[in-house]
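What follows is the residue order along each chain.
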Amino acid sequence: MQELVTLVGAVIAAIAGILNLWKTFVDQTDRIYVKTGLFRPIATPATSLYVVNTAKHPVTLSDYGFVLEDGKLFSIPWYDENEAVFDGVDNHAFYLGNSTIPPRDMFAVGISFNEKIIGSFAVTTTQSRYRVHMMQSCLNPIAFYKWLSASFNPTYGN
């Protein structure tokens, strides 16, 4: 009987150790939530998105923007660095917060945009897969295909 109690105690300790190791690993990963629109709407003609940091540590965004109607990604940082200078137009972009987001805080960006968008995306510096929010339900086969394409095979619209 004593051997059985010892065995059960050892199994419980092993399971608790594995769960603790898994929890420690999960707490160190970047987790973000992306949504098209604004968390707190403001009066502006811009198309916008916001990103919420749900991790327990600060995260830094490496890329963010919109999913276009054809499934390609429109990167706002890439556009600001490359195309905005050559367009010769003020893109009327606004930023709420910083792209380094503290825990349980948010970052929002908006830009005057004339193309039709179907979603938004963001990725942190330590993630390899884009986090994508589609405005249409992913139960629609076309929207699901574009969500898969944007999540796993990013191509820039410009």
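Up top you'll find the structure we're talking about.
This one's a predicted model, so the numbers in the text were calculated from it and none came from an experiment. (Residues numbered from 1 in each chain as written. Predicted model: local features only at pLDDT ≥ 70, side-chain atom pairs only at ≥ 80, totals over all residues. Heavy atoms only, no water.)

Just checking my understanding: could you explain the environment of L148 for this structure?
Following the sequence through the fold, L148 ends up in helix 3 (residues 141-152). With a relative accessible area of 32%, L148 lands in the partly exposed category. (Helix = DSSP H or I, 4+ residues; strand = E, 2+ residues; numbered from the N terminus. Buried < 20%, exposed > 50% of the residue type's maximum accessible area, 1.4 Å probe, protein only.)

Sorry if this is basic, but what is going on with the nonpolar core here?
Side chains of a nonpolar character, in soluble globular proteins, are inclined to be buried together. Formed by 20 residues in total, the largest nonpolar core has its most connected members in V51, L61 and I76. Going through the elements one at a time, strand 1 (32-36), strand 2 (47-53), strand 3 (59-68), helix 2 (76-87), strand 7 (106-111) and strand 8 (117-124) are the ones with two or more residues in this core. The biggest single contributor to this core is strand 3, with 5 residues. Here I76 is in contact with L49, Y64, G65, F66, Y95, V109 and I111, once residues within four sequence places are set aside. I118, Y130, V132 and A150 belong to the second largest nonpolar core, which has 10 residues in total. (Core = buried A, V, L, I, M, F, W, Y, C linked by side-chain atoms within 4.5 Å. Contact = heavy atoms within 4.5 Å.)

Even after reading the chapter, I still don't get the packing of aromatic side chains, so can you show me in this structure?
Both the distance between ring centres and the angle between the ring planes are used here to describe each pair of aromatic rings. Inspection of the entire model under this criterion finds 4 aromatic pairs. Relative to F107, the ring of Y64 lies with its centre 5.2 Å away and its plane at 70°, an arrangement referred to as edge-to-face. Of the two residues, Y64 is situated in strand 3 and F107 in strand 7; the sequence distance between them amounts to 43 residues. Ring centres 5.2 Å apart and planes at 50° place the aromatic pair F121 and Y130 in the tilted group. Just as F121 is buried, Y130 falls in that class too. (Phe/Tyr/Trp six-rings, centres within 6.5 Å; stacked < 30°, edge-to-face > 60°.)

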